[in-house]
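Coordinate analysis (summary)
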Amino acid sequence: MHTIDVVLVCLVAIIAIGLIAVIARQRYMLRARGAIPLAVRRHDSRWSYGVGRYQGGELRWYRAIGIGTRPTRVFSRATMTMRSNRRPTQDELKSLPATSVIVECQDGAITWTLALGESAFTGFVSWLEASAPTS
């Protein structure tokens, strides 16, 4: 076997192991309690897909592609408010399922747009309403 063949086989093996790790991480996270598929968009940028997990007063969002164990973004129930919800527009249907619910939220000074499934939306609203009343 030539050196180039060995390097090529090793490279293919490393790529395959990396892909398997990403898929295993995503499957593990989706099976965890309180996990939902969740797409996130800030202002008018593109959608980023991932997994959301409720933990106490936080919604932790993990990017779909990656092997990290830390959340990419943490939404605090204490500072987050829902501004509106709607169905996807025609342009959004190119990248989101037709059954998605689009939710515009304010988290501090930043506006976020979330895309959830119908049942996940119901859970999200319940989670938001479970926060302590503010005075």
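Residues numbered from 1 in each chain as written. Predicted model: local features only at pLDDT ≥ 70, side-chain atom pairs only at ≥ 80, totals over all residues. Heavy atoms only, no water.

**Considerations on the layout of surface pockets**
Operational definition: Cavities and pockets were defined on a 1 Å grid built from protein atoms only: a cavity is a group of points that admits a 1.4 Å probe but offers it no way out, a pocket is an open group of points flanked by protein on both sides within 12 Å along at least five of seven lines, and a lining residue is one with an atom within 4 Å of any such point. Grid points are joined across faces, edges and corners, and a volume is the space filled by probe spheres set on the points. The helix and strand labels rest on DSSP assignments: H or I over at least four residues marks a helix, E over at least two residues marks a strand, and numbering proceeds from the N terminus. In this count, Pro and Cys sit with the nonpolar residues alongside Ala, Val, Leu, Ile, Met, Phe, Trp and Tyr, while Asp, Glu, Lys and Arg are called charged and the others, Gly among them, polar.
A volume near 240 Å³ is recorded for the largest pocket. What lines the largest pocket is a set of 19 residues, and nearest its centre among them are Pro37, Leu38, Ala39, Ala115 and Gly117. Contributing elements (two or more residues each) for the lining of the largest pocket: helix 1 (3-31), strand 1 (35-42), strand 2 (48-55), strand 7 (110-116) and helix 2 (118-129). Broken down by element, the lining of the largest pocket gets its largest block of residues, four residues, from strand 1. A per-class count over the lining of the largest pocket returns 13 nonpolar, six polar and no charged.

**A word on the pairing of strand 2**
To be explicit about the condition: Here the term buried applies to any residue with accessible area under 20% of the maximum for its type, exposed to any over 50%, and partly exposed to those in between, with areas from a 1.4 Å probe on protein chains only. Paired strands, in this sense, are two strands between which DSSP finds at least two bridges.
Across the eight residues of strand 2, six count as buried, placing the element largely inside the fold. Pairing of strand 1 with strand 2 involves six bridges; the strand directions are antiparallel. Considered in strand 2, the bridge of proline 37 is made with valine 51. Between strand 1 and strand 2, which pair antiparallel in sequence order, lie five residues; one of them, histidine 43, sits at a positive phi of approximately 55°. In terms of strand pairing, strand 2 meets strand 3 (residues 58-63) through six bridges, oriented antiparallel.

**With respect to the sheet that holds strand 5 (residues 80-86)**
Adjacent strands of a sheet form backbone hydrogen bonds with each other and so pair up, either parallel or antiparallel. Rules: Only the stretch in contact is used when fitting a helix axis, every axis being a line fitted to C-alpha atoms; angles between N-to-C directions are given from 0 to 180 degrees. Two residues form a contact once any of their heavy atoms are found within 4.5 Å.
Here seven strands make up an open sheet; going across it, the order is 4-3-2-1-7-6-5 and the pairing antiparallel. With partners counted over all chains shown, the strands left at the sheet margins are strand 4 (73-76) and strand 5, one partner each. Strand-to-strand, the axes of this sheet are offset by a mean angle of 35°, without reference to chain direction. Each of strand 1, strand 2, strand 3, strand 4, strand 5, strand 6 (101-107) and strand 7 touches helix 2; the most contacted strand, strand 5, lies at about 150° to it.

**Brief notes about the packing of aromatic side chains**
For any pair of aromatic rings, geometry is given as the distance between the ring centres together with the angle between the planes. To be explicit about the condition: In summary, the pairing rule links any two rings of Phe, Tyr or Trp, Trp by its six-membered ring, whose centres are within 6.5 Å, and it sorts them by plane angle into stacked for under 30 degrees, edge-to-face for over 60 and tilted for everything else.
Here the structure, examined in full by the defined rule, presents three aromatic pairs. Relative to tryptophan 127, the ring of tyrosine 54 has its centre 5.3 Å away and its plane inclined at 45°; by these criteria the two rings are tilted. Note that tyrosine 54 is positioned in strand 2 and tryptophan 127 in helix 2, a separation of 73 residues in sequence. Comparing tyrosine 54 with tryptophan 127 shows no difference in burial state: the two are buried. Taken together, the ring pairs in this structure connect Tyr54, Phe124 and Trp127 into an aromatic cluster.

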